[in-house]
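# A structural walkthrough
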Amino acid sequence: MITAPRHPAPAFRLAVDGVDITPKVNNRLLSLTLTDNRGLEADQLDISLSDHDGRLSIPPRGAIINLWLGWSDTGLVNKGTYTVDETEHSGTPDVLTLRARSADLRAGFTRKRERSWHGVTLADVVRTIAQAYSLQPVIDLVLGAVGLAHQDQANESDANLLTRLATEHDAIASVKAGRLLLLPVGASQTASGLALPHINLTRKDGGRPPAGSQQTATATPACGCTTTTPTAPSGWKAIMAQRTTLKPCAMSQQTKTAPCRPPAASGSACSADPPACRIRWPVAAPICSPK
């Protein structure tokens with residue numbers, strides 16, 4: 001008997017106000033989308049459930065949803081808590097839609113304030129703000145040591161202040177899982193400073209190549225000019241652009257012919273044949289036109 005291979009399946013767990021509702025909604029789930037926003041924009045959780053029999057109760061606005069996501073073979077990962085902001089019941093067929101946002105952005109985080117900072121470091125600012133909202137500060141050591149001689153917070157919220165300071169120092173400020181983070185952009189590190197592991201993807205991991213990805217021939221003629229000299233064959237003038245880098249041009253699969261001719265030989269700006277250098281590229285190349 002031939003048995004089909006078992007593939008990992010997506011798994012989830014939901015709890016509302018501390019009550020696990022996974023068994024009740026497991027067969028009703030239509031979609032679950034978690035949008036992990038960058039910076040201090042609240043993350044968003046969207047859940048759509050089938051209510052074909054009218055037995056689902058609508059959670060009140062302000063209810064706390066705990067979410068775990070993962071795979072059947074690797075287990076679940078806690079993705080944080082979210083506060084229900086919007087509920088919608090539509091039909092037919094009857095569907096209950098919940099929209100919740102990250103509960104980590106505390107009330108008052110976007111309230112405008114007036115204060116000044118003198119002779120402090122980035123770490124001092126982050127720690128002060130984190131303490132005001134009962135958050136745990138997680139700060140990159142190099143960034144945290146950056147000094148601020150004077151900084152005014154004039155009619156500006158704490159969220160905007162952190163975003164501005166992070167942008168000025170090529171960093172990112174964010175609130176995740178009860179922690180206020182200040183980390184360098186593109187550092188490939190976890191919040192605790194550990195390097196992110198490398199992951200090798202192979203064909204068996206799946207994928208979806210874009211349609212038409214095999215429409216370009218592997219060997220295509222080059223278009224453009226091969227020299228930066230302003231000379232040109234008799235009867236043509238060379239209009240020199242910023243660079244003369246050779247760029248490949250696609251070959252038509254239907255006709256098996258190139259839309260432009262090979263580049264001119266070294267020592268001339270463009271081919272004498274008009275179609276040779278008439279194609280513009282994102283990186284500009286010389287363009288030939290009649291005198």
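Higher on the page you've got the structure.
Attention in this report is confined to the structure presented alongside it. Keep in mind the model is a prediction, meaning the values are calculated, not measured.

Cut-offs and rules
- Residues numbered from 1 in each chain as written.
- Predicted model: local features only at pLDDT ≥ 70, side-chain atom pairs only at ≥ 80, totals over all residues.
- Heavy atoms only, no water.
- Core = buried A, V, L, I, M, F, W, Y, C linked by side-chain atoms within 4.5 Å.
- Buried < 20%, exposed > 50% of the residue type's maximum accessible area, 1.4 Å probe, protein only.
- Helix = DSSP H or I, 4+ residues; strand = E, 2+ residues; numbered from the N terminus.
- Pairing = 2+ DSSP bridges.
- Axes fitted to C-alpha atoms, helices over the stretch in contact; angles between N-to-C directions.
- Contact = heavy atoms within 4.5 Å.
- Salt bridge = Lys/Arg side-chain N within 4 Å of Asp/Glu carboxyl O.
- Arc of directions from axis to C-beta.

### Points about the nonpolar core
One finds Phe109, Val125, Ile129, Leu135, Leu162, Leu180 and Leu182 to be the most contacted residues of the largest nonpolar core, which totals 25 residues. Of all elements in the fold, only β8 (112-121), α2 (122-132), α4 (158-168), β11 (171-176) and β12 (179-184) reach the threshold of two or more residues within this core. Core analysis: the next-biggest nonpolar cluster, separate from the first, contains 16 residues, Leu14, Leu49, Ala63 and Val84 among them.

### Brief notes about the sheet that holds β11
Here we have three strands laid out as an open sheet, ordered β9-β12-β11, and mixed in their pairing. Among the strands making up the open sheet, the edge pair consists of β9 (136-139) and β11. Pairs of neighbouring strands in the sheet enclose a mean axial angle of 15°, with direction left out of account. Here β11 runs beside β12; their pairing, made up of six bridges, is antiparallel. Along β12, the bridge assignment pairs Ser174 with Leu181. Packing against the sheet, α2 makes contact with β9 and β12, and its axis sits at approximately 160° to β9. Relative to the sheet, α4 contacts β11 and β12, its axis offset from that of β11 by approximately 145°.

### Re unusual backbone geometry
Positive phi is not limited to glycine here, since Ser134 has a value of about 55°. You can see Ser134 is positioned in the loop between α2 and β9. You can call Ser134 exposed: its relative accessible area is 63%. Of note in this structure, Asn155 is not a glycine but carries a positive phi near 50°. Mapped onto the elements of the fold, Asn155 is located in strand β10 (residues 147-157).

### Re the pattern of salt bridges
This structure, assessed with the given rule, holds 13 salt bridges. Arg115 is the salt-bridge partner of Asp158, the closest N and O atoms lying 2.8 Å from each other. Placement of the pair is Asp158 in helix α4 and Arg115 in strand β8, with a sequence separation of 43 residues. The exposure class assigned to Asp158 is buried, which follows from its relative accessible area of 1%. By relative accessible area, Arg115 is classed as partly exposed at 29%. Here Arg164 and Glu156 are joined by a salt bridge, their closest N and O atoms 3.0 Å apart. Take Arg164: its relative accessible area is 24%, and that puts it in the partly exposed class. One network of salt bridges, with partners in common, ties together Asp46, Asp85, Glu86, Arg99 and Arg101.

### Notes on the sheet that holds strand β6 (residues 75-90)
The seven strands are arranged β2-β1-β5-β6-β7-β4-β3 in an open sheet whose pairing can be described as antiparallel. With one partner strand each, in any of the chains shown, β2 (19-20) and β3 (29-35) form the two edges of the open sheet. Bridging between strand β1 (residues 10-16) and β2 involves two bridges; their strand directions are antiparallel. Bridging across to β2, Val16 finds its partner in Val19.

### Observations concerning α2
Regarding α2, the residues found buried are Leu122, Ala123, Val125, Val126, Ile129 and Ala130. Along α2, the residues classed as buried sweep out an arc of 160° about the axis, all on the same side. Opposite the packed face of α2, turned more than 90 degrees from it, sit the exposed residues Gln131 and Ala132. Among the structural elements, β8, β9, α3 (141-144), β10, α4 and β12 are those in contact with the buried residues of α2. Of the residues flanking the end of α2, it is Ser134, one or two places downstream, whose phi is positive at about 55°.

### So, α4
Buried within α4 we find Asp158, Ala159, Leu161, Leu162, Leu165 and Ala166. Buried residues of α4, viewed axially, fall in a sector of 165°; they line one side. Residues of α4 that are buried make contact with β8, α2, β10, β11 and β12. Asp170 sits one or two residues past α4 and shows a positive phi near 55°.

By themselves, these are just geometric observations and shouldn't be taken as functional.
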